[in-house]
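Single-letter residue listing:
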Amino acid sequence: MTGYTMLRNGGVGNGGQTCVLRWSNRIRLTWLSFTLFIILVFFPLIAHYYLTTLDEADEAGKRIFGPRAGNELCEVKHVLDLCRIRESVSEELLQLEAKRQELNSEIAKLNLKIEACKKSIENAKQDLLQLKNVISQTEHSYKELMAQNQPKLSLPIRLLPEKDDIGLPPPKVLRSCRLHNCFDYSRCPLTSGFPVYVYDSDQFAFGSYLDPLVKQAFQATARANVYVTENADIACLYVILVGEMQELGVLRPADLEKQLYSLPHWRTDGHNHVIINLSRKSDTQNLLYNVSTGRAMVAQSTFYAAQYRPGFDLVVSPLVHAMSEPNFMEIPPQVPVKRKYLFTFQGEKIESLRSSLQEARSFEEEMEGDPPADYDDRIIATLKAVQDSKLDQVLVEFTCKNQPKPSLPTEWALCGEREDRLELLKLSTFALIITPGDPRLVISSGCATRLFEALEVGAVPVVLGEHVQLPYQDVLQWSEAALVVPKPRVTEVHFLLRSLSDSDLLAMRRQGRFLWETYFSTADSIFSTVLAVIRSRIQIPAAPIREEAAAEIPHRSGKAAGTDPNMADNGDLDLGPVETEPPYASPKYLRNFTLTVTDFYRSWNSAPGPFHLFPHTPFDPVLPSEAKFLGSGTGFRPIGGGAGGSGKEFQASLGGNVPREQFTVVMLTYEREEVLMNSLERLNGLPYLNKVVVVWNSPKLPSEDLLWPDIGVPIMVVRTEKNSLNNRFLPWNEIETEAILSIDDDAHLRHDEIMFGFRVWREARDRIVGFPGRYHAWDIPHQSWLYNSNYSCELSMVLTGAAFFHKYYAYLYSYVMPQAIRDMVDEYINCEDIAMNFLVSHITRKPPIKVTSRWTFRCPGCPQALSHDDSHFHERHKCINFFVKVYGYMPLLYTQFRVDSVLFKTRLPHDKTKCFKFI
């Protein structure tokens, strides 16, 4: 108890000793910690201070930090040396880094030079290969020319006729006149150009009696004709208009003959003269009856056998449309093939054959032999029997309801007015034309009028009487448009008409429409046909057709054309060597002096027949029947053509079956300079490109500071008179190649696609060959045609925004195609591509050719074109239906194939190349 208390009270004893020990331990630990803190903190600071401080004392022995013994850690001088070494090393490292960068830059430049050298070497190899190819082709061409031994000839010197014409030896009988004894060829050399001098009828007494409409129409067409000249001294042919007279009997035959012989250039016998008597009415009499015309040719619609001189005189069509153009909207369509009536006839014979022969007092009195048989009674009985049988619906009337038109003896007079006759013919599949009962009347104006009206409305003419002389019969093959049946076969006419198939009937109707439009429809066509027949007879080629003079817009060029990466991707086709020769034109006028002789009948009766009627184009025409022969008769075997194999020989040149050639790009544009420049740049390096013709369709000229790209070929910027889409197809004189690539300014085509299309066109020169396909369809609810651009398994059109065609079609489109079509294109600012497809299909009766699988070709990001407007398709619907009315039928034809490579999607080694064929 006592001990416990003491401890609690801090008493002395064992407990007190323990507390003292604890207190002393605590003091030692505190002192030790403080001492260590002083040593660890202040000693390094003092050491650092002395190490970094230099003694400023002068004497060496008094320096605080001076030279010491070798066991010292560091010296101040040594630290300074180390600092200087560090700075020096840093500077050297920086210099080495700069040198390294400089060397890397030089290495990069040298690599670029190496790549450029490699590229130059490859280009040099390609150029060398191309030069070898050109040399090979030139050597081959030289061998061909040497083998043919046909040097190019210059035109012979034209010999002008002498003023004192002594004339030709007179034939024994003037009625036996033919070209060889009544025509002076010396006035018409081959290179004369066929100059024609037209007399002014008003300067002669008979001119006051002429029908004003006939005279006015004749004078208008004569002034516009390309062959007419005012210099009578150099003329090859002299033309005088003597009819139709306003009234019959106002001029006696003797007076007319006297006035003819008084013509300034008649030269006693009238050789190289043409006397034209045009008939505007069906009752026109034979004005030149009992008039001695000497050696002058006669062109009229009425002839007697004793008066007509075959191969010398001309039977012409009546002048129905004197001062007006035919209204295509009133002409019925050519389909359906079968109409209401199988055949129709309306007429009344005023005078029988027997009474006519008893009263005749003219040329007929000199004819020997028995009177001809009169088949008219048999014809009437047979046709009435067919009508009464009701096997087919026919209409025959042999008595006019009203007063019949005046007519010649034994001729069937016309009934009713022209409008009434046309309405009946529109319902007739065939139109019967019964020739006069007197076979010595070989043609009359009444028969010619019936023929004209039947062809106008699409009724196939059936002529009863093989002795008749139809208009221009020596040059036109009437068997393709009409049926000429002898009168004794009248009982078989019904069977013959029922035997014709629909396809043959439609072909005859189409050919008849072509003959009517080309040779009969207007005063200009009649006058041009008369001159063309005479010119063809004496074998003078047609004059060159007028080309559109290109008014060039000055522009600056020199901008280096860039490289479009899309152009470098040539797909499955290798373009072959790039053309290194300068642009060269297609050969011209190689066949003009021989085509008139060798293709005489084919040229007059083929669909594009106007090429002989109108002035001649610089290039050979593309006839449907001869298109496959174009270019194949030259004897030139193209290098690489037909080599086959892997295609390397094929890629060495264009290949194919025709000589090597180039093409011209025609690009229509309107105030889209940036789009135009991009499109032109994409043509850089395009092989076989001759030149680019940019049709500037805007009245606003291009910007003066606009820099045009340099694409390696000439760029011709043509200014137009007005903004018209028809300008796309004008035959510009700057287009010197047969092949034209019509392309829009926003079309985006690769080079391999263009080259592939060009190769295909060379094998189908009479077709449109292009990329975007379209088709037409029949709208059953509205009974009309529709234009369709949807994807389809067939097509009937290829848009000319990216298509190849022959320049010959540019002439036909601009000068021959009905003006009503071009007017509608201007009205809607649309449909020019449809119009070209209609024209080519109408002429060739073939569909266009589509190449590659592309359906559109617009460039991405280009400004919107006219085709994006909603009204665009509605206008194209209207265009198609209007064009059908103008042509009279739907000329477009469907096709279900396109052209691709022969080795399309075929895996081949990389060293193999590909070619193409039709699939």
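The following paragraphs examine the structure supplied in this document. (Residues numbered from 1 in each chain as written. Predicted model: local features only at pLDDT ≥ 70, side-chain atom pairs only at ≥ 80, totals over all residues. Heavy atoms only, no water.)

Considering the overall build of the protein chain
Helix and strand counts for the protein chain stand at 24 helices and 29 strands. For the protein chain, buried positions account for 50% of its 919 residues. Restricting to contacts in the protein chain with at least 6 residues of sequence separation, those with at least 24 account for 78%. Counting every atom, the protein chain has about 46400 Å² of accessible surface; 56% of that belongs to carbon and sulfur. (Helix = DSSP H or I, 4+ residues; strand = E, 2+ residues; numbered from the N terminus. Buried < 20%, exposed > 50% of the residue type's maximum accessible area, 1.4 Å probe, protein only. Contact = heavy atoms within 4.5 Å. Areas by Shrake-Rupley, 256 points an atom, 1.4 Å probe, with all protein chains shown as cover.)

Focus on the sheet that holds strand E26 (residues 802-806)
The strand order across the open sheet built from eight strands is E15-E20-E18-E17-E21-E26-E22-E27, with neighbouring strands paired in mixed fashion. Whereas interior strands pair on both sides, the edge strands pair on one side only; in this sheet they are strand E15 (551-552) and strand E27 (849-850). When strand E22 (residues 769-770) meets E26, the two strands line up antiparallel, connected through two bridges. Considered in E26, the bridge of Val769 is made with Phe804. Relative to the sheet, helix H19 (residues 673-681) contacts strand E17 (663-669), strand E18 (689-696) and strand E20 (715-719), its axis offset from that of E18 by approximately 170°. The sheet strands contacting helix H20 (residues 751-763) are E17, strand E21 (739-744), E22, E26 and E27, and the helix crosses E26 at an angle near 30°. (Pairing = 2+ DSSP bridges. Axes fitted to C-alpha atoms, helices over the stretch in contact; angles between N-to-C directions.)

Notes on the pattern of salt bridges
All chains considered together, the criterion is met by 37 salt bridges. Residue Arg898 pairs with Asp900 through a salt bridge whose shortest N-O separation is 2.6 Å. Judged by its relative accessible area of 27%, Arg898 is partly exposed. The buried category is assigned to Asp900, whose relative accessible area is 5%. (Salt bridge = Lys/Arg side-chain N within 4 Å of Asp/Glu carboxyl O.)

Notes on the packing of helix H22 (residues 819-828) against helix H24 (residues 871-887)
Between H22 and H24, whose axes approach to 10 Å, the crossing angle comes to 170°. Here H22 lies roughly antiparallel to H24, going by the angle between them. Within the contact between the two elements, H22 uses Ala820, Ile821, Met824, Val825 and Tyr828 and H24 uses Glu875, Lys878, Cys879, Phe882, Phe883, Val886 and Tyr887. In terms of residue class, the contact of H22 with H24 is made up of 10 nonpolar, no polar and two charged. (Parallel < 35°, antiparallel > 145°, perpendicular 65-115°, else oblique. Nonpolar A, V, L, I, M, F, W, Y, C, P; charged D, E, K, R; others polar.)

Topic: H24
End to end, H24 covers 24 Å across 17 residues, agreeing with the expected 24 Å (1.5 Å per residue, within 8%). Within the span of H24, buried status applies to His872, Glu875, Arg876, His877, Cys879, Ile880, Phe882, Phe883, Val884, Val886 and Tyr887. Among the structural elements, helix H12 (502-520), strand E23 (773-779), strand E24 (784-788), strand E25 (797-798), H22 and helix H23 (832-844) are those in contact with the buried residues of H24. Phi turns positive, to about 90°, at Gly888, one or two residues after H24. (Expected span 1.5 Å × (residues − 1).)

Re the side chain of Thr229
With respect to the helices and strands, the residue Thr229 is situated in the loop between helix H5 (212-224) and strand E2 (237-243). Discounting residues that sit within four places of it in the chain, Thr229 has contacts with Pro195, Val196, Tyr197 and Ile234.

Here's the deal with the packing of H12 against helix H13 (residues 523-537)
Packing of H12 against H13 leaves a shortest axis separation of 6 Å and a crossing angle of 85°. For the element pair H12 / H13, the angle class is roughly perpendicular. Contacts between H12 and H13 involve Glu517, Thr518, Tyr519 and Phe520 from the first element and Ser525, Ile526 and Thr529 from the second. Across the contact of H12 with H13, the residue classes tally to three nonpolar, three polar and one charged.

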